[in-house]
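# Chains, contacts and geometry: an overview
Now for the letters of each chain:
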Amino acid sequence: MSKKVPFEIKETEHCPECGAELVIRNGAHGPFYACSSYPSCHYVRPLKTQGDGHIVKELDGQICPKCGFTLVLRQGRYGMFIGCSHYPECEHTELIDKPDDTSINCPQCQQGKLLQRKSRFGKTFHACNRYPECQFVLNHKPVSGECLFCHYPLLIEKRTAQSVKLFCASKLCSKPQINEIEKYNE
């Protein structure tokens, strides 16, 4: 495997600790600067500066509710978000995609409501808002209703090759709801 870097460095930089030349090394998390006099000097620095989200666009007319400065659209580690332009003095942030709030009761604990969430990989799922006390999770969209076969108090919506169909949310049953589909589509 070659150790070539896909870009050129225009000027040489020197180590702030010992004064030796900095070289680019490749690690598990990508390229980084390292001191050429390693192992006597252990200086390392990331190749790209890791900010808390670089500004993509300034949102004219939108003002931060905490400090009164303009809000900006930022690209962060976990995607796009809205934040204050006066960061780090003001740490106000807002989500762009707010999760859908379902008014469906959790069938497991009977006390919480099901909320739409996103996994760290970006997949959408629905879970009880009383987590970690209740760990009920669904990978499909919940629909209020009762199973015709086992009387479980929740149905899920699945996309099949033919169309969108309703199924029982119970893992023990999981039967399609034939009569409920006609009511749901009308």
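Please refer to the structure higher up on the page.
As the structure is a computational prediction, the values presented were derived from the model and not from experiment.

The biggest cluster of nonpolar side chains holds 12 residues, and these are Ile-104, Cys-106, Cys-109, Leu-114, Cys-128, Cys-134, Phe-136, Leu-138, Leu-154, Ile-156, Phe-167 and Ala-169. Aside from chain neighbours lying at most four places away, what touches Ile-104 is Gly-112, Lys-113, Leu-114, Pro-142, Val-143, Ser-144 and Leu-154. Judged by nonpolar contacts, the second largest core, of eight residues, contains Leu-22, Cys-35, Cys-41 and Tyr-43.

Quick look at the pattern of salt bridges now. The tally for this structure, following the rule as stated, stands at one salt bridge. Close ionic contact of Arg-45 with Glu-13 constitutes a salt bridge, the shortest N to O distance being 3.0 Å. Highlighted residues: Arg-45 in strand E3 (residues 44-46) and Glu-13 in the segment before strand E1 (22-27), separated in sequence by 32 residues. For Arg-45, a relative accessible area of 26% corresponds to the partly exposed category. Glu-13 sits in the partly exposed class, given a relative accessible area of 27%.

Pairing is antiparallel in the open sheet, where three strands are placed in the order E12-E13-E14. Sheet topology places strand E12 (141-144) and strand E14 (164-168) at the edges, where each strand pairs with a single neighbour. For this sheet, the mean angle separating the axes of adjacent strands, direction not counted, is 40°. Pairing between E12 and strand E13 (residues 154-159): four bridges, direction antiparallel. Following the sheet pairing, Ser-144 is matched in E13 by Leu-154.

Basis of the calculations
- The residue count restarts for each chain, going from 1 along the sequence in the order it is written.
- In keeping with the model being predicted, local features are shown solely for residues with a pLDDT of at least 70 and side-chain atom pairs are shown and tallied solely at 80 or more, while totals for entire chains, interfaces and linings include all residues.
- The basis for every side-chain value is the complete set of non-hydrogen atoms in the structure, without hydrogens or water.
- Remark: nonpolar core denotes a set of buried residues (Ala, Val, Leu, Ile, Met, Phe, Trp, Tyr, Cys) joined through side-chain atoms within 4.5 Å.
- The buried label applies to any residue whose accessible area, calculated with a 1.4 Å probe on protein chains only, is under 20% of its type's maximum; exposed applies above 50%, and partly exposed to all values in between.
- Residue contacts are counted whenever heavy atoms from the two residues lie within 4.5 Å of one another.
- Salt bridge criterion: a side-chain nitrogen from Lys or Arg within 4 Å of a carboxyl oxygen from Asp or Glu.
- Here a strand is any run of E in DSSP of at least two residues, a helix any run of H or I of at least four, and the numbering for each starts at the N terminus.
- Here the rule is simple: two strands pair whenever DSSP picks up at least two bridges between them.
- Only the stretch in contact is used when a helix axis is fitted, and all axes are lines through C-alpha atoms; the angle between N-to-C directions ranges over 0 to 180 degrees.

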